[in-house]
Amino acid sequence: MQSRNYGLVTAITMITGIVIGSGIFFKADNILEYANGNVFLGVIIFVVAAIAVVFGALTISQLAIRTDKPGGIVSYAEDFVGNGAATMFGWFETFLYLPTLDALVAWASGIYISQLLGFQDFSVGRNTIIGLIVVTVFYLMNAISAKAGGWFQNTSMFIKLIPLLLIAALGLIFGNPGVEFSQASGDAFKESAKDLAWLGAFGPIAFSYDGWIVSTSICHEIKDSKKNLPLALTFAPIAVLIVYLAYFLGLTSFLGVDTILEIGDDSVFVAATEMFGDFGAKLILVAVVISILGTVNGVSLGLIRLPYSLALRNMMPFSNTFKKENEKLGGMPVNSAVLVYVLTILYSILNYVIMTSKNEFVAGLDISEIAICVLYLIYIVFYVAVIKLAKKGEIKSKFLGYVAPVLATIGSLIIFSGSVVKLSFAVYAAVCLLFLGIAYLYYKRNKDNIIVRTDEEYHEAIEGAIDNI
């Protein structure tokens with residue numbers, strides 16, 4: 001059993017560090033584009049998404065504090081929904097959601113590494129190649145030494161705040177926030193809001209906030225988790241919202257909306273160059289790169305053990321192969337690591353094909369946003385499970401048992417609407433349904449072989465690997 005070492009303040013900083021990632025650096029221009037360049041509408045979108053995250057995290061925390069199994073949504077589904085749902089959600093997370101996320105963030109690292117190396121032109125191919133190298137390095141590092149991956153993760157958690165806070169502060173001080181905000185209000189806001197294309201901004205917003213679900217899995221390390229986890233999961237997303245809004249407003253105030261829409265992902269570097277000069281901009285860019293690499297490392301670190309986790313439950317084909325551990329590498333499930341590495345590479349190549357496609361249904365899109373939005377539909381299953389617990393009297397609080405899950409459901413549907421308005425929705429939705437459908441068929445054919453363990457039995461099954469790490 002893990003010791004509970006973290007108080008409320010530490011829990012808030014841990015969750016904030018998990019949620020703040022790389023997306024905000026290369027999604028701000030996308031949010032503005034979907035909002036028709038309206039800063040005020042962009043702010044509202046940030047706030048609505050944050051509310052969805054707050055109530056979603058509060059709701060799922062009610063499941064997290066009632067199980068001692070690691071594994072996130074797979075464990076929550078296993079204990080509170082059923083093994084069929086656990087298999088489907090585990091497959092979705094392992095084979096679609098997280099590998100596409102890893103591939104896209106690795107590709108994004110190529111954008112800023114290219115800028116750091118002095119390349120002036122934007123090249124999807126070069127960014128893809130750099131991303132492939134980055135993914136390979138981090139999978140090797142985490143497979144050979146989980147401690148090295150953990151050290152890099154902790155270091156990047158603090159570095160990622162430097163460019164966000166500096167650009168936010170100096171942009172608001174030396175920019176024109178009042179001008180940009182006033183131009184975006186009144187009739188301009190009404191005109192922008194009429195076009196429902198702004199709903200598409202919830203895709204990049206969800207990407208920027210992504211990671212909050214992972215934070216619920218640390219509840220067993222928090223002192224008095226029944227009290228402190230809900231508090232931490234309320235204050236942490238609010239802290240993230242404040243940082244994101246400050247950065248968004250600082251960037252738009254300093255550069256102006258038109259400039260950001262024109263230069264896109266170069267906005268951070270251009271703003272840093274104007275603020276700090278060429279050398280200072282390079283230092284800011286180094287922090288951005290480390291931040292994004294930290295996200296790649298974090299996703300890779302978590303993804304490596306997901307097939308292993310499914311295999312322990314016999315929830316995937318060749319479970320005996322993927323549950324094997326390499327004692328020479330500290331109990332690392334090498335076969336599991338190789339599988340998700342290959343998946344990430346394949347999705348990186350697919351991302352390149354999509355981004356260079358001239359087909360109007362997929363041109364210019366990335367491979368992660370639809371999966372993230374569909375994941376919010378999956379969360380609704382857990383919100384319903386919490387309501388059922390409240391009806392049974394296991395959750396006494398009316399707010400946590402009924403109000404929070406209802407508001408979380410509304411928030412999830414709003415975020416999901418961000419994928420529906422896109423031309424490519426039918427294609428991506430079909431892919432998501434295909435993964436879920438295949439997983440369900442596998443469960444139906446193999447449900448008698450699914451291994452259901454108690455909390456203690458599950459910990460015993462992975463104790464050796466945890467001790468070695």
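Residues numbered from 1 in each chain as written. Predicted model: local features only at pLDDT ≥ 70, side-chain atom pairs only at ≥ 80, totals over all residues. Heavy atoms only, no water.

S.K.: Before we go on, may I ask you to explain the overall build of the protein chain in this structure?
M.R.: The secondary structure content of the protein chain amounts to 22 helices and zero strands. When contacts within the protein chain are restricted to residue pairs at least 6 apart in sequence, those whose partners lie at least 24 apart make up 80%. For the protein chain, the exposed area adds up to about 19,200 Å²; of that, 66% sits on carbon and sulfur atoms. (Helix = DSSP H or I, 4+ residues; strand = E, 2+ residues; numbered from the N terminus. Contact = heavy atoms within 4.5 Å. Areas by Shrake-Rupley, 256 points an atom, 1.4 Å probe, with all protein chains shown as cover.)

S.K.: Quick question: what am I supposed to make of the nonpolar core here?
M.R.: Side chains that are nonpolar tend, in soluble globular proteins, to be buried together. Judged by nonpolar contacts, the single largest core of 145 residues is most densely connected at Phe25, Phe46, Phe92, Tyr112, Tyr209, Trp212 and Phe382. With 20 residues, helix H5 (residues 83-116) is the single largest residue contributor to this core. Apart from residues lying up to four places away in sequence, Phe25 is in contact with Tyr112, Lys160, Pro163, Leu164, Tyr247, Val268, Val288, Ser291 and Ile292. (Core = buried A, V, L, I, M, F, W, Y, C linked by side-chain atoms within 4.5 Å. Buried < 20%, exposed > 50% of the residue type's maximum accessible area, 1.4 Å probe, protein only.)

S.K.: Can you walk me through the environment of Asp29 in this structure?
M.R.: Along the chain, Asp29 falls in helix H2 (residues 23-34). We classify Asp29 as buried; its relative accessible area is 11%. In sequence terms Asp29 and Ser267 are 238 residues apart; their C-alpha atoms lie 8.1 Å from each other. Leaving out residues up to four positions away in the same chain, Asp29 has contacts with Ile260, Leu261, Gly264 and Asp265.

S.K.: How should the packing of H2 against helix H13 (residues 225-255) be read in this particular structure?
M.R.: For any two helices packed against each other, one specifies the crossing angle of their axes together with the interaxial distance. Relative orientation of the contacting elements H2 and H13 amounts to 65°, with a least axis distance of 11 Å. On the basis of the axis angle, H2 is roughly perpendicular to H13. Both H2 and H13 take part in a crossing whose hand is right-handed. Here H2 contributes Ile24, Phe25, Ala28 and Leu32 to the contact with H13, which in turn contributes Tyr244, Tyr247, Phe248, Leu251 and Thr252. Here the residues of the contact of H2 with H13 are counted per class, giving eight nonpolar, one polar and no charged. (Axes fitted to C-alpha atoms, helices over the stretch in contact; angles between N-to-C directions. Parallel < 35°, antiparallel > 145°, perpendicular 65-115°, else oblique. Left-handed = near helix turned anticlockwise from the far one by under 90°. Nonpolar A, V, L, I, M, F, W, Y, C, P; charged D, E, K, R; others polar.)

S.K.: Looking at this structure, I do not really get H13. What am I missing?
M.R.: What sets the pattern is the α-helix's 3.6 residues per turn: residues three or four places apart point alike. Along its 31 residues, H13 runs 43 Å from first to last C-alpha, staying within 8% of the 45 Å computed at 1.5 Å per residue. Phi for Gly256, located one or two positions after H13, is positive at around 90°. (Expected span 1.5 Å × (residues − 1).)

S.K.: It is not clear to me how the packing of aromatic side chains should be interpreted in this structure. Could you clarify?
M.R.: Geometrically, a pair of aromatic rings is defined through the distance of the ring centres and the angle of the planes. This structure, assessed with the given rule, holds 11 aromatic pairs. Site record: aromatic cluster; members linked through ring pairs are Phe46, Tyr209, Tyr244 and Phe248. The ring of Phe119 has Arg126 sitting right over it, with the charged end atom 4.3 Å from the ring centre. When the ring centre of Tyr308 is taken as reference, the NZ or CZ atom of Arg305 above it lies at 5.4 Å. (Phe/Tyr/Trp six-rings, centres within 6.5 Å; stacked < 30°, edge-to-face > 60°. Lys NZ or Arg CZ within 6 Å of the ring centre and 35° of its normal.)

S.K.: Mind showing me how you'd approach the side chain of Asn83 here?
M.R.: Note that Asn83 resides in helix H5. Discounting chain neighbours no more than four positions away, the residues touching Asn83 are Glu78, Met315, Tyr443, Ile450 and Val452.

S.K.: What am I meant to see in a nonpolar patch on the surface here?
M.R.: Taken together, the side chains of Val338, Val342, Leu346, Ile349, Leu350, Tyr352 and Val353 define a hydrophobic patch exposed on the protein surface, amounting to about 580 Å² of accessible area. Position of Leu350 relative to the elements: it lies in helix H18 (residues 334-355). (Patch = residues over 30% accessible without salt bridge, like charges linked within 9 Å, V, L, I, M, F, W, Y side chains within 5 Å. Salt bridge = Lys/Arg side-chain N within 4 Å of Asp/Glu carboxyl O.)

S.K.: How do you make sense of the pattern of salt bridges when you look at a structure like this?
M.R.: When the charged atoms of two side chains lie near each other, side chains of opposite charge can form a pair. Under the definition given, this model contains one salt bridge. Between Glu78 and Arg313 there is a salt bridge; the shortest N-O distance is 3.1 Å. Here Arg313 lies in the loop between helix H16 (306-312) and helix H17 (319-322) and Glu78 lies in helix H4 (residues 73-80), a separation of 235 residues in the sequence. There is no split in this pair, since Glu78 and Arg313 are both buried.

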